[in-house]
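For reference, the chains in residue letters:
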Amino acid sequence: MGRFVGADNVERGRAYLEELDPEFHRYVIDFVYGEVYAGDVLDPKTRALCTVAMLAALDQQLQLGIYVRAARRQGASEEEVREVLRQVAVYAGFPSAWNALATMRSSLEGFDESEGSR
């Protein structure tokens, strides 16, 4: 889980989900990260970019910010993330892409390039 969302988000997310609903937290850990993200058909960078596209299309800005950084950690360039978000405009609409680009900008403020490719 930490390799996707970053160590800084793991503990904060765990505590929040445990308080919100411990069983839901278990679902996320066991299914999302234990099964889906553990698959070996897609490489981590592609998986992260797909997640960015889906969260942007669904206008889920909170999680999008986390996964924009995750995509960068997995080796995606900022330009690759931007291109994915441009593609979102075609299928999910310009407002969703606009919101996503704004989220991308704010989530990458202070991003340390050395966090990439982990």
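Residues numbered from 1 in each chain as written. Predicted model: local features only at pLDDT ≥ 70, side-chain atom pairs only at ≥ 80, totals over all residues. Heavy atoms only, no water.

**Brief notes about the pattern of salt bridges**
When the charged atoms of two side chains lie near each other, side chains of opposite charge can form a pair. The following threshold applies: By convention in these notes, a salt bridge is any Lys or Arg side-chain nitrogen within 4 Å of a carboxyl oxygen on Asp or Glu. Helix and strand assignments follow DSSP, with helices taken as H or I runs no shorter than four residues and strands as E runs no shorter than two, numbered in order from the N terminus. The buried label goes to any residue with under 20% of its type's maximum accessible area, the exposed label to any with over 50%, and the partly exposed label to all in between, with areas taken from a 1.4 Å probe on protein chains only.
Taken as a whole and assessed by the stated rule, the structure comprises six salt bridges. For R26, the salt bridge goes to D30, with nearest N and O atoms at 3.2 Å. Of the two residues, R26 and D30 both sit in helix α3 (residues 22–36), four residues apart, roughly one turn of that helix. With relative accessibility at 38%, the residue D30 sits in the partly exposed group. Of the charged contacts in the structure, one is a salt bridge between R86 and E83, with a shortest N-O distance of 2.9 Å. Pair noted here: R86 and E83 are both in helix α6 (residues 78–92), with a separation of three residues, about one helical turn. Judged by relative accessible area, which is 43%, E83 ranks as partly exposed.

**Digging into α3**
Quick note on the threshold: The span you would expect from a helix comes to 1.5 Å times its residue count less one. Polar contact is defined as a pair of N or O atoms within 3.5 Å, subject to the rule that within protein one atom must be able to donate a hydrogen and the other to accept it, and that residues adjacent in sequence are counted only when both atoms are side-chain atoms.
Under the 1.5 Å per step criterion, the end-to-end length of α3 is 20 Å for 15 residues, consistent within 8% with the ideal 21 Å. Those residues of α3 that sit buried are H25, V28 and Y33. You can read the cap of α3 off the contacts: a side-chain oxygen lies 3.0 Å from the backbone nitrogen of E23, and it is on D21.

**So, unusual backbone geometry**
Notably, D59 is not glycine yet its phi reads approximately 60°, a positive angle. Tracing the backbone through its elements, the reader meets D59 in the loop between α4 (44–57) and α5 (61–73). Looking at D59, the relative accessible area reads 35%, which means it is partly exposed.

**Concerning the side chain of T103**
Let me state the cut-off plainly: The contact definition used throughout considers only heavy atoms, calling two residues in contact when any of these lie within 4.5 Å.
Relative to the helices and strands, T103 is located in helix α7 (residues 94–108). Judged by its relative accessible area of 12%, T103 is buried. When near neighbours in sequence (up to four residues on either side) are disregarded, T103 contacts Q61, L64 and G65.

**Section: the packing of α4 against α5**
This is how the line gets drawn: Simply put, an axis is a line fit to the C-alpha atoms, just over the touching stretch for a helix, and the angle between two N-to-C directions goes from 0 to 180 degrees. For this classification, under 35 degrees means roughly parallel, over 145 means roughly antiparallel, 65 to 115 means roughly perpendicular, and everything else is oblique. Whether a crossing is left-handed or right-handed is set by the direction in which the near helix is turned from the far one by less than a right angle, anticlockwise for left-handed and clockwise for right-handed. The nonpolar class holds Ala, Val, Leu, Ile, Met, Phe, Trp, Tyr, Cys and Pro. Asp, Glu, Lys and Arg form the charged class, and all remaining residues, Gly among them, are polar.
Across the interface, α4 lies against α5 with an axial gap of 9 Å and an inter-helix angle of 160°. Taken together, the axis directions place α4 and α5 in an arrangement best described as roughly antiparallel. Handedness of the α4/α5 crossing: left-handed. Across the interface between the two elements, A48, L49, T51, V52, L55 and A56 from α4 touch Q63, L64, Y67, V68, A70 and A71 from α5. Counted by class, the contact of α4 with α5 contains ten nonpolar, two polar and no charged residues.

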